[in-house]
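Understanding the architecture of this molecule
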Amino acid sequence: AQSVTQLDSQVPVFEEAPVELRCNYSSSVSVYLFWYVQYPNQGLQLLLKYLSGSTLVKGINGFEAEFNKSQTSFHLRKPSVHISDTAEYFCAVMGSGGSNYKLTFGKGTLLTVNP
Amino acid sequence: EAGVAQSPRYKIIEKRQSVAFWCNPISGHATLYWYQQILGQGPKLLIQFQNNGVVDDSQLPKDRFSAERLKGVDSTLKIQPAKLEDSAVYLCASSTKYEQYFGPGTRLTVT
């Protein structure tokens, strides 16, 4: 079984500032990792995913994340945020060995970008 | 490409009533998921279908929740009878393999 811990429930930042949203996971098997974004009253949209290869993954809207196996982390970063990045961000993990493609989500981090 | 469709978007019912949600996945996606998202929490998987067979329903409260996927396409999730703690957003997602695509969700309020 897998679990995800998002270390910050809320992150307020000013526009054009950099941001890092932290995610740690626990698993007894190798994993795939995902970040999803949820805007108010909408479903989840995939930002980026790590399946294999380079540990630095680039996604949509200028976001990137780095997979660190030794620290079991997958932190999300953006060098300069916009007001439109205000949303809830969810980190998720999937065991890579099986075939049921089941996601386990963290509790989410609310990113609020202030002018 | 059309996304995952869900209806209704909002539903308000009284406790002990029944309710049903509908989901139409992306065409060609064999796997369909129902999640429950309680306010302030991440989505929790309720049930996963592969075509019209159940892959995982370990977290589905089977005494009150039921789900079916007819002909491996559309799916319905039913709650009967509803409890106050069922108030949540119910998300449907579909996938071909690793990447899940989510619908807009149905916000259920039980009073």
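Just so we're clear, the structure is a prediction, and the values are computed from it rather than from any experiment. (Residues numbered from 1 in each chain as written. Chains lettered and ligands numbered in written order. Predicted model: local features only at pLDDT ≥ 70, side-chain atom pairs only at ≥ 80, totals over all residues. Heavy atoms only, no water.)

1. Some words on the state of the cysteines
The line we're drawing: Pairs of cysteine sulfur atoms within 2.5 Å are identified as disulfides in what follows. The numbering of helices and of strands both runs from the N terminus, where a helix is a DSSP run of H or I of at least 4 residues and a strand a run of E of at least 2. For every residue, the accessible area (1.4 Å probe, protein chains only) is compared with the maximum for its type, and the residue is labelled buried under 20%, exposed over 50%, or partly exposed between those bounds.
As enumerated under the stated definition, the model contains two disulfides over all chains in all. For C23(A), the disulfide goes to C91(A), at an S-S distance of 2.0 Å. Since a negative S-S torsion denotes a left-handed disulfide, the C23(A)-C91(A) link at about -65 degrees is left-handed. Note that C23(A) is positioned in strand β4 (residues 23–27) and C91(A) in strand β10 (residues 87–95), a separation of 68 residues in sequence. The class for C23(A) is buried, based on a relative accessible area of 0%. A sulfur-sulfur distance of 1.9 Å marks the disulfide that ties C23(B) to C92(B). Here C23(B) and C92(B) share a disulfide; its torsion about the S-S bond, -70 degrees, makes the bridge left-handed. Taken together, the positions of C23(B) in strand β3 (residues 19–24) and C92(B) in strand β9 (residues 88–95) put the pair 69 residues apart, joining distant regions of the chain.

2. A short note on the packing of aromatic side chains
Test applied: Ring pairs are drawn from Phe, Tyr and Trp, using the six-membered ring of Trp, whenever the two centres fall within 6.5 Å, and their geometry is named by plane angle: stacked under 30 degrees, edge-to-face over 60, tilted for the rest.
Taken as a whole and assessed by the stated rule, the structure comprises 15 aromatic pairs over all chains. Relative to F105(A), the ring of F90(A) has its centre 6.4 Å away and its plane inclined at 90 degrees; by these criteria the two rings are edge-to-face. Here F90(A) is found in strand β10, whereas its partner F105(A) is found in strand β11 (residues 104–105), with 15 residues between them in sequence. Across the pair, F105(A) and F90(A) agree in class, each one buried. Measuring from centroid to centroid gives 6.1 Å for Y33(B) and Y35(B), while their planes differ by 25 degrees, and the two rings are stacked.

3. Some words on the pairing of β3(B)
Every regular strand shows the same layout, with side chains that alternate between the two sheet faces. Residue and element names in this part refer to chain B. This is how the line gets drawn: Whether two strands pair comes down to DSSP finding at least two bridges between them.
Covered by surrounding structure in β3 are V19, F21 and C23 only, the residues A20, W22 and N24 on the alternate face being uncovered. Note: strand β1 (residues 5–7) against β3, three bridges, orientation antiparallel. Residue pairing across strands places S7 opposite W22, the latter belonging to β3. As paired strands, β3 and strand β8 (residues 75–79) are joined by five bridges and run antiparallel to one another. What sits directly across from A20, in β8, is K78.

4. Remarks on the interface of chain A and chain B
Note the threshold: We call two residues in contact when some of their heavy atoms are within 4.5 Å. Simply put, the buried area is the total loss of 1.4 Å probe accessible area from both parts when two parts are fitted together. When a carboxyl oxygen of Asp or Glu is within 4 Å of a side-chain nitrogen of Lys or Arg, the pair counts as a salt bridge. Here a polar contact is taken to be a pair of N or O atoms separated by no more than 3.5 Å, where protein atoms must pair a possible hydrogen donor with a possible acceptor and residues adjacent in sequence count only if both atoms sit in side chains. Throughout, the ten residues Ala, Val, Leu, Ile, Met, Phe, Trp, Tyr, Cys and Pro are labelled nonpolar, Asp, Glu, Lys and Arg are labelled charged, and all others, Gly among them, are labelled polar.
Contacts between the two partners involve 20 residues from chain A, matched on the other side by 24 residues from chain B. Summing both partners gives a buried area of about 1700 Å² for chain A against chain B, and 54% of it is carried by carbon and sulfur. On the surface where chain A and chain B come into contact, there are two salt bridges. With a shortest N-O distance of 3.3 Å, K102(A) and D56(B) are connected by a salt bridge. Put simply, chain A and chain B have seven residue pairs in polar contact (both at pLDDT 80 or more) between them. At the level of elements, β5 (31–38), β6 (44–50) and β10 of chain A are the ones that each hand at least two residues to the side of chain A that touches chain B. Looking at side-chain class alone, the side of chain A that touches chain B contains 11 nonpolar, six polar and three charged residues.

5. Some points on the environment of Q42(A)
By the element assignment, Q42(A) lies in the loop between β5 and β6. A C-alpha to C-alpha distance of 19 Å links Q42(A) and T104(A), two positions 62 residues apart in sequence.

6. Details of unusual backbone geometry
Note: most peptide bonds trans; most residues except glycine with negative phi. Across the junction of S7(B) and P8(B), the peptide omega takes the value -10 degrees, indicating a cis bond. Tracing the backbone through its elements, the reader meets P8(B) in the loop between β1 and β2 (10–13). Cis geometry is found at the peptide bond from Q80(B) to P81(B), where omega equals -5 degrees. Residue placement: P81(B) occurs in the loop between β8 and β9. If you check the backbone angles, N41(A) has positive phi at about 60 degrees while not being a glycine. Topologically, N41(A) is positioned in the loop between β5 and β6. Take N41(A): its relative accessible area is 47%, and that puts it in the partly exposed class. In this structure, K71(B) is a non-glycine residue whose phi angle is positive, near 60 degrees.

Interpretation in functional terms is not warranted from these geometric data alone.
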